[in-house]
Amino acid sequence: MPPADVNALLPSENLASGSAASKAVTVTETGSAILQLSGIEKQYPGVDHAAIADISLSLVQGEILSLLGPSGCGKTTLLRIIAGFEQPQAGEVWIEGRAVARQPPEKRGVGMVFQDYALFPHLTVQQNVAFGLQSGWQRQGRLRRANKARLLRKLPQESSIQARIQETLELVGLAGFAARYPHELSGGQQQRIALARALAPSPSLVLLDEPMSNLDVQVRLRLRQELREILKRSQTTAIFVTHDQEEALSIADRIAVMGQGRIEQYGLPEEIYQRPATRFVADFVTQANFLPAQQRELDLWETEIGCFRVQLMGLGKMQPGRPTGAR
Amino acid sequence: MMVRQEDILLVPEAEMQAKSDAEAGAAPRPGGGQTAVVCDRQFLGREHRYTVRLASGRTLQARMATAQAIAVGTAVTVEIIQPCPQVFIESSL
């Protein structure tokens, strides 16, 4: 069973940062947890530091989480652990209350969208979207023979596959493209087909690994909005990996900023931007200026551009304060 | 101390002098006031991103609406507008 106390799964920085923690707990308490990670650790052989170090978090139904961080921070590794492509050395992954850390990817009920779309070039759009559903149907046949009636109820009937394909293509706005091949589509359209393929089996969770990094700027900006609308309309719980701060801030309900295998800060986009917990987060998310400052009084700090009053908030961080106008 | 690019206001020295003359006797203006020189300007559409060099040689970046463009080489006063800066206690600076 997953831990009953969801607070235990929130990143420690979040719990330490007051308002961020309370908002996270409120949201978690009102929804059902689709994904829970507890104490996930991963270290690759021959590497002296952990790729993932003690990560815990919780994600509720319909929520969009962004894993945001620079290259090599562990965000894709964490996504692959959730998907089942990597095994953690410690910790557990719960999806809809089932412990799945030792389960293969196909038994996790997770959809995946890759950076390079990964569409089958020799199959039409309809056949690509049908792929996941047909696999489910074939599995259904085997299970029927094995008299697995309980699992059968969750799998689509062959007769409903066409309807589901049409429904999913309409959801991504490409209903008229069913007979086309991937090479006949633009990059943005291909990625929407990849999303349709992932959404078609109605997975518990959709994982998107830098889904827009191969697209040009104009398409990327448009797809940001469309991606969020599609996920919200289908009430899909999703995690997407990105190193683009603007993308994370504009699409996600919550953001986990990662650095060196850890979650540096977890919170609402506004919290991450307005109250960065560490200099790393401030630097990565806001590209702010940093000036050396000398403490002149308990709450008075002097910089090259003036003196500012701040209030001590916690170790390593001071709350914003008012400028004094003094030099 | 963290200072966001959008929280920096650059006021050309000439304009600042005119304001000072007009506001003579009024309460002192808050925050900042350091003189700098604009050494680069990038057009971003709705905004310009300015790079200014302080007297120490340190550079700051500021983003301001394109309504008023400040030429490269202009002497400016650097002011900090609300919300105010945050401080991170670290040894890396």
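> Quick rundown of the overall build of chain B? Include the residues and the values.
Within chain B, the secondary structure is distributed over one helix and six strands. Going from the N terminus to the C terminus, chain B shows its helices and strands as β-β-α-β-β-β-β. Taken over 93 residues, chain B has a buried fraction of 38%. Summed over its atoms, the accessible surface of chain B is roughly 4800 Å², and 52% of this surface lies on carbon and sulfur atoms.

> Tell me about the nonpolar core, and name the residues and values.
Residues and elements named next belong to chain A. V129, L169, I193, L195 and L208 are the most contacted members of the largest nonpolar core, which has 45 residues in total. If you tally residues by element for this core, the top one is helix α7 (residues 187-199), at six residues. With near-sequence residues (within four places) excluded, L195 lies in contact with V113, L208, L227, I230 and L231. By size, the runner-up hydrophobic cluster in this structure holds 30 residues, among which are L65, V93, I95 and A101.

> So what's going on with the layout of surface pockets? Residues and values would help.
Of the pockets and cavities examined, the second largest pocket occupies roughly 680 Å³. For the lining of the second largest pocket, the secondary structure elements donating two or more residues are α8 (217-233), α9 (245-251) and α11 (279-286) of chain A together with β4 (47-54) of chain B. In the lining of the second largest pocket, the residues fall into six nonpolar, four polar and eight charged.

Rules behind the numbers
- Residues numbered from 1 in each chain as written.
- Chains lettered and ligands numbered in written order.
- Predicted model: local features only at pLDDT ≥ 70, side-chain atom pairs only at ≥ 80, totals over all residues.
- Heavy atoms only, no water.
- Helix = DSSP H or I, 4+ residues; strand = E, 2+ residues; numbered from the N terminus.
- Buried < 20%, exposed > 50% of the residue type's maximum accessible area, 1.4 Å probe, protein only.
- Areas by Shrake-Rupley, 256 points an atom, 1.4 Å probe, with all protein chains shown as cover.
- Core = buried A, V, L, I, M, F, W, Y, C linked by side-chain atoms within 4.5 Å.
- Contact = heavy atoms within 4.5 Å.
- 1 Å grid on protein atoms, 1.4 Å probe; cavity = no way out; pocket = protein on both sides within 12 Å on 5 of 7 lines; lining within 4 Å.
- Points joined across faces, edges and corners; volume = space filled by probe spheres on them.
- Nonpolar A, V, L, I, M, F, W, Y, C, P; charged D, E, K, R; others polar.

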